[in-house]
Structure formats: C-alpha cells, structure tokens
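# Commentary on secondary and tertiary structure
If you want the building blocks of each chain, they are given just below.
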Amino acid sequence: MSAHSSTKRRTVPELAALKGQRKIVSLTAYIAPIARQLDPYVDFILVGDSTAMVGYGLPDTLSITVEQMTAHAAAVVRTTQHACVVVDMPFGSYQASPQEAFKQAAYMLAHSGAAAVKIEGGAALAETTRFLVERGIPVLAHVGLMPQYVNTMGGFKAQGLHDAAAQQITRDALAHQEAGAFGVVLEGIAEPLARQLTATLTIPTIGIGASPACDGQVLVTEDILGLGEGKIPKFAQPFADVGAVIRDAVQQYAQAVQDGRFPTLQHCFGVKTAPSSSNDESNSKP
Ligand code: KIV
C-alpha cells in the first residue's frame, strides 16, 4: 500500500454517521481559492452544478458538462485536506440509464478524487442510486426543487406546498434511502415537510431552503459572501460583504497604477533595492 497523507479527510460513512450527533455543515466551492478557505470549517464541500449560473453566468445549470464538473472537482480536491468532496453529476449524464450513470460517475470520481456524486431526481432515479452504490459510488440524492428539472417545473419554484406534492417528495426521498443513498438534499420545499422527512429518514437530510430541523445545511458560498448576482435568495443570508472588500482593493490598485505608485522597483527583477545580504537572489526569482 502506498503512503497516505498525514491529514485525514472526512469520509462518506463518517458524514452519514453525523445524523443525530450534530448538524452537518456544507457549502459549495468550484475553485481552489474558495475551497481552501472553506476546508477547515465544513464537513463536505459540494462542487455544485450551480457553478453554471454562479461561475459561468448561465441562465440555468443545464449546459455544464461532465468534463467541466470533473475539472472543478479536481481543483477542489487538490487544494483541500479535511472536507469530504461531493460532486454534482450534470444534466444528461445520468438520467438515460443506470449503466450510463455509472460510466460517467466513475469517470468523474476517478479523474477528480471526489468521494461521492449528487444526483437530482425522484423515485424514478432510485434504481440509478442503487446501481451506483452497489458498484462503489456513494450517492447523495437531491429532491424537491431540482434545478436540472427547471423546464418540467416551469421555473425555480418551491415544491411540496400541497399534500399530493409533499407525499410524492416523501416517496422520492424514501426510495433513494432504500436504494442506498447516504444522504438527501432537500431543496426549496415546505418547512413542515422537511421537518417531517428529517424525523422519518434514517439518512441525513441536508437542507437548502428547507428547515432548520434538517440534519445539515448547504448554501452556495457566493450567496453568503455577498458575491452573488443581484438579489440574494430568500433561503440564504449574507454573512460578509466580500464584494465590497474586492471592489475597495481593486479601486486602490487602479488608483496606485494610475498614480505611478505601483509597481515600485521592489516589484521588479534585476534591480538592486535595499542592501540585505550579498547572496540575496530574492529579486531575481519570479
Ligand atoms: O448545485 C448546487 O450548488 C446545489 C446546491 C444548491 C444544493 O445543488
């Protein structure tokens, strides 16, 4: 067996075992600088296909590809040590058949190092969950408001507000649990339904626009940092205004360049600045 790194990354069974112990904390990350900041504080990082909208400025999540998601997940895995990394399977990569889903999921995990995939879908996708789990691919199910179904839902709308819809979401979540999903994301559903599901299911529920009663919470990181586009969703809360910090830094940089205060000779190569030691090569290294 080859050498292991000295730090231990949280595993999928460890995540699942947190139900009933303490709340599970998750945020999205798509790129290294954000993933690095989250890593010490979250149980799992979700490399969400929300990057299509948040990172690429697209109107929905439908056109992101397996290759793009794999590259984002690989960047997140490379630059983190503690958090479990779960990657979203993109639209069209898993719905056709369990076999196709396995092929794509195996590629994504093998080429990114992520530990699990997330798939959106109701009970009809439970067979796919079972197929993946039985072949070594942990699955986080995602029910309720499923952004990949924006066209069948007729928009990004809260789900399960009426009895029949709530019963269907309950059947969906139970079917994925029975098929071996290690957890289920409940997005944009009625609060009493999320509360009820959390009490009923033996696997953790991860809420987003669901209920404080859920076993854990996930949000899009840009929404809590004040880096989202326009209005923040009702279910999110800004915990900082990083946008303002960035704007201030960029304004200062622009002013310094225009005033000729940046760069100085200290930032240049082949120039002797302050005499330190005779063998100081620091200003020749990029
Ligand atoms: O893609 C994503 O970021 C998600 C979360 C919002 C749950 O699916």
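Residues numbered from 1 in each chain as written. Predicted model: local features only at pLDDT ≥ 70, side-chain atom pairs only at ≥ 80, totals over all residues. Heavy atoms only, no water.

## As for the UniProt feature "binding site: Mg(2+)" (unreviewed entry) in the chain
- In the numbering used here, UniProt assigns the "binding site: Mg(2+)" (unreviewed entry) feature to D49, D88 and E120. What stands out for the annotated residues spanning 72 residues is how close their C-alpha atoms remain, the widest pair being 10.8 Å apart.
- Along the chain, D49 falls in the loop between β2 (44-47) and α3 (51-54).
- Not counting residues up to four positions away in its chain, the partners in contact with D49 are T61, I64, M69, D88, M89, E120 and Q148.
- Topologically, D88 is positioned in strand β3 (residues 84-88). (UniProt positions renumbered as here; feature names shortened; annotations may be inferred. Helix = DSSP H or I, 4+ residues; strand = E, 2+ residues; numbered from the N terminus. Contact = heavy atoms within 4.5 Å.)

## As for the packing of aromatic side chains
- Scanning the model with the defined rule gives two aromatic pairs in all.
- A ring pair is formed by F102 and F131, whose centres lie 6.5 Å apart and whose planes are at 75 degrees; its orientation type is edge-to-face. Of this pair, F102 sits in helix α5 (residues 98-112) while F131 is found in helix α6 (residues 126-134), placing the two residues 29 residues apart along the sequence.
- Its relative accessible area of 27% is what places F102 among the partly exposed residues.
- The residue whose ring lies beneath R135 is F131, and the NZ or CZ to ring-centre distance is 3.5 Å. (Phe/Tyr/Trp six-rings, centres within 6.5 Å; stacked < 30°, edge-to-face > 60°. Buried < 20%, exposed > 50% of the residue type's maximum accessible area, 1.4 Å probe, protein only. Lys NZ or Arg CZ within 6 Å of the ring centre and 35° of its normal.)

## A word on the UniProt feature "active site" (unreviewed entry) in the chain
- Residues annotated in UniProt with the feature "active site" (unreviewed entry) correspond here to E187.
- Not counting chain neighbours up to four residues away, the residues in contact with E187 comprise H142, V143, G144, L145, P147, I208 and G209.

## Structural notes on the pattern of salt bridges
- Here the structure, examined in full by the defined rule, presents nine salt bridges.
- D43 is the partner of R10 in a salt bridge, and the nearest nitrogen-oxygen pair spans 3.3 Å. One end of the pair, R10, is in the segment before α1 (12-16); the other, D43, is in the loop between α2 (32-38) and β2, with 33 residues separating them in the sequence.
- Looking at R10, the relative accessible area reads 25%, which means it is partly exposed.
- Here D259 and R261 are joined by a salt bridge, their closest N and O atoms 3.2 Å apart. (Salt bridge = Lys/Arg side-chain N within 4 Å of Asp/Glu carboxyl O.)

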